[in-house]
Amino acid sequence: MLIAATSGRALAAAARRTGYRPLVADFFDDGDTRILSEANCAVAGDLGSGFEKAALIEALESLARGASPLGLVYGAGFEDRIEILEELARRWTIFGNAPEVVRRVKDPFELAALCRSLGVRHPEISLDMPHRPRNWLVKTIGGAGGSHVAPAGAQRAESENVYYQRVASGEPISFLFVADGADAQAIGASRQWTAPTGDEPFRFGGSLRPAECGPRLEARLAEIATAIARQCKLRGLNGIDFLVDGDEIVLIEINPRPGATLDIFEDREGSLFQAHIDGCLGRLPERPLEFEGAAAAAIAYARRPIPCMPTLDWPDWAADRQKPRSALNLDDPLCTVKAHAALPGDARKLIAERTAFILDNLEHIGNGAAS
Ligand SMILES: Nc1ncnc2c1ncn2[C@@H]1O[C@H](COP(=O)(O)OP(=O)(O)O)[C@@H](O)[C@H]1O
Ligand SMILES: [Mg+2]
């Protein structure tokens, strides 16, 4: 199975658990992606500039050569460049939403209209900078990872395709579900947190399940997801981001592909990735997926530049492991830290401890305490 995403590791791990042999094209080429993949390829470019069509196609063509892949699963990295998805769909069977579906749900005005038609609250949006920018955010159309979200007054490059969105109150809750083109089945709700930097106040930090937001609210989130899946003919794994304040629910975006919460909804049997493939083929799981205890995953960002990544003895709870000798800038992702516990609070605490351990350890090594 071909996998294309800014980081393909979580999809590769999920595919492997289900028994597929992943052929992965991404920007990171992490140490664990190499091990999980049947073959993998680092695509020229980076998160900042995003995928360039020719480079990505070349990488995927070379992975597919002689392997006759069943098809292609895409993750993050294409919502602001639908033309690449269209090209992928011409070459391979896509297990995921059709390009025109992605275009629709990522168009801010289409999304606003969809929410209106379903009676779901959505923050006011504007293509022009609001006269009074207080309480407004600027976002890139099709952006992901939170780094593109900033207060409306923030400086943005002329070339960036931005829109403005009014600030809403509430806690970020993401709802993961699987769809079959007509109906949807809930997988679960999770909580997100940010890892702010000076100019990226909403950079993605991590996520935690279960969200413990109560059965009534979860039922309402599932109802919204089902209505949207029906209207948009969604397929496979999808997520919807909400802000939740008591009984008030505001929908802020749809992620029309498997995304950031794959790691916390993983199971040993690989039913998550299978649900994605089956959903794309028009079948929902016979029984709802079930998950024990609590799980969390967060990104550990470099606290300072690392000119030459040392060889680390990575703990098994670290994923997306930067490979030795790579050069990292301040705030680059160093790895993903994962934790399981009986209770969500304990999973979150473990994450904090493990993140500190990795970052402290790295500084120790960087100071010459180990070779
Ligand atoms: N309208 C809003 N009001 C308040 N906070 C918001 C709003 N939109 C986004 N955010 C914050 O920014 C984070 C990322 O926003 P989101 O639109 O989901 O972008 P991304 O696609 O990068 O995930 C959210 O989880 C939330 O914390
Ligand atoms: Mg989001």
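These numbers come from a predicted model, not from an experiment. (Residues numbered from 1 in each chain as written. Chains lettered and ligands numbered in written order. Predicted model: local features only at pLDDT ≥ 70, side-chain atom pairs only at ≥ 80, totals over all residues. Heavy atoms only, no water.)

## Some points on the overall build of the chain
Put simply, the test is: Only DSSP runs of H or I with at least four residues qualify as helices, and only runs of E with at least two residues qualify as strands; both kinds are numbered from the N terminus onward. In this setup the radius of gyration rests on C-alpha atoms only. A globule is expected at 2.2 Å times the number of residues raised to 0.38. Buried, partly exposed and exposed residues are distinguished by accessible area as a fraction of the type maximum, computed with a 1.4 Å probe on protein chains only: under 20%, between the cut-offs, and over 50%, respectively.
Secondary structure summary: the chain contains nine helices and 16 strands in total. Radius of gyration (C-alpha) of the chain: 20 Å, near the 21 Å computed for a compact globule of 371 residues. Structurally, the chain occupies a C-alpha span of about 60 × 50 × 45 Å along its principal axes. By the burial criterion, 54% of the 371 residues in the chain qualify as buried.

## So, the sheet that holds strand E6 (residues 136–140)
Using the following cut-off: Two strands form a pair only when DSSP identifies at least two bridges running between them.
Pairing in this open sheet of four strands is antiparallel, and the strands run E5-E8-E6-E7 from one edge to the other. The sheet is open, and its two borders are formed by strand E5 (125–126) and strand E7 (150–151), each paired with just one other strand. When E5 meets strand E8 (residues 162–166), the two strands line up antiparallel, connected through two bridges. Each residue of the ladder has a partner; that of Ile125, found in E8, is Gln165.

## Comments concerning the site of ligand 1
Heads up, the condition is: The rule for a residue being near a molecule or strand is that one of its heavy atoms must lie within 4 Å of it. In protein, a polar contact means a hydrogen-donor-capable atom and an acceptor-capable atom, both N or O and within 3.5 Å, with residues adjacent in sequence counting only if both atoms are side-chain atoms; elsewhere, any N or O pair within 3.5 Å suffices. Shrake-Rupley sampling with a 1.4 Å probe provides the accessible areas, and residues are treated as covered by the protein chains on show and by no other component. All amino acids are sorted into three groups, where Ala, Val, Leu, Ile, Met, Phe, Trp, Tyr, Cys and Pro are nonpolar, Asp, Glu, Lys and Arg are charged, and the leftover types, Gly among them, are polar.
Near ligand 1 there are 19 residues, and of these Lys139, Gly146, His148, Ala168 and Glu253 occur at the shortest range. Measuring from an oxygen atom of ligand 1, one finds a side-chain N or O atom of His148 at 2.7 Å. Between Asp241 and ligand 1, the recorded distance is 3.1 Å, taken from a side-chain N or O atom to an oxygen atom. Considered on its own, ligand 1 offers 550 Å² of accessible surface; in the complex 89% of this is hidden by protein. Considered class by class, the residues forming the shell around ligand 1 number 10 nonpolar, five polar and four charged.

## Concerning the state of the cysteines
The test is simple: For this text, the term disulfide refers to a pair of cysteine sulfurs within 2.5 Å.
One pass over the structure, following the stated rule, counts zero disulfides. Here Cys115 is not cross-linked by a disulfide; its sulfur's nearest cysteine counterpart is in Cys232, at 9.3 Å. You can call Cys115 buried: its relative accessible area is 1%. Between Cys213, a free cysteine, and Cys115, which holds the nearest cysteine sulfur, the sulfur-to-sulfur gap is 18 Å.

## A short note on the UniProt feature "domain: ATP-grasp" (unreviewed entry) in the chain
Counted only if it meets this: UniProt positions are given in the numbering used here, feature names are shortened, and annotations may be inferred rather than shown by experiment.
Residues given the UniProt feature "domain: ATP-grasp" (unreviewed entry) here are residues 217–281. Helix makes up 40% of residues 217–281 and strand makes up 29%, while its end C-alpha atoms are separated by 30 Å.

## Considerations on the packing of aromatic side chains
The cut-off we apply is this: Two rings belonging to Phe, Tyr or Trp (six-membered ring only in the last case) form a pair when the distance between their centres is within 6.5 Å. Interplanar angles under 30 degrees mark stacking, angles over 60 mark edge-to-face geometry, and anything in between is tilted. A ring has a charge above it when a Lys NZ or an Arg CZ is no more than 6 Å from the ring centre and no more than 35 degrees off the ring normal.
Evaluation of the coordinates by the stated rule reveals seven aromatic pairs. Ring geometry for Phe265 against Phe291: centres 5.2 Å apart, planes inclined by 80°, an arrangement best described as edge-to-face. A residue pair is termed long-range when its members are at least 10 positions apart, and Phe265 in the loop between strand E13 (248–255) and helix H8 (271–280) and Phe291 in the loop between H8 and strand E14 (294–301) qualify at 26 residues. Between Trp317 and Phe357, the ring centres sit 6.2 Å apart and the planes meet at 70°, which makes this aromatic pair edge-to-face. One end of the pair, Trp317, is in the loop between E14 and strand E15 (318–319); the other, Phe357, is in helix H9 (residues 344–366), with 40 residues separating them in the sequence. Under the relative-accessibility criterion, Phe357 is labelled partly exposed at 48%. Here the aromatic residues Phe27, Phe51, Tyr74 and Phe78 are joined through ring pairs into a cluster of three or more. One residue, Arg209, lies across the ring of Phe265, its end atom 6.0 Å from the ring centre. When the ring centre of Trp193 is taken as reference, the NZ or CZ atom of Arg348 above it lies at 3.6 Å.

## Some details on unusual backbone geometry
Between Arg209 and the following residue, Pro210, the backbone shows a cis peptide bond with an omega angle of -5°. With respect to the helices and strands, the residue Pro210 is situated in the loop between strand E11 (204–209) and helix H7 (215–232). Although it is not a glycine, Asp320 sits at a positive phi angle of roughly 50°. With respect to the secondary-structure elements, Asp320 resides in the loop between E15 and strand E16 (333–341). A relative accessible area of 12% means that Asp320 is categorised as buried. For Asp331, which is not glycine, the phi torsion reads 75° and is therefore positive.

## Considerations on the coordination of the magnesium ion (ligand 2)
For the record, the criterion: Coordination here is defined by N, O and S atoms within 2.8 Å of the metal (3.2 Å for Na, K and Ca), and since water is not considered, a site can look incomplete.
Taken together, the protein donors to the magnesium ion (ligand 2) comprise Asp241 (OD) and Glu253 (OE), at separations of 2.0 Å. Of this pair, Asp241 sits in strand E12 (residues 235–245) while Glu253 sits in strand E13, and the two are 12 residues apart along the sequence. Given the relative accessible area of 16%, Asp241 is considered buried. We classify Glu253 as partly exposed; its relative accessible area is 21%.

## Quick word on the environment of Gln322
Rule in force here: Two residues form a contact once any of their heavy atoms are found within 4.5 Å.
Mapped onto the elements of the fold, Gln322 is located in the loop between E15 and E16. Sequence separation between Gln322 and Asn361 is 39 residues; the distance between their C-alpha atoms is 15 Å. Gln322 has contacts with Phe28, Asp30, Met309, Trp314, Leu328, Pro333 and Leu334, leaving out every residue within four places of it along the chain. At 3.2 Å, the side chain of Gln322 forms a polar contact with the side chain of Ser326.

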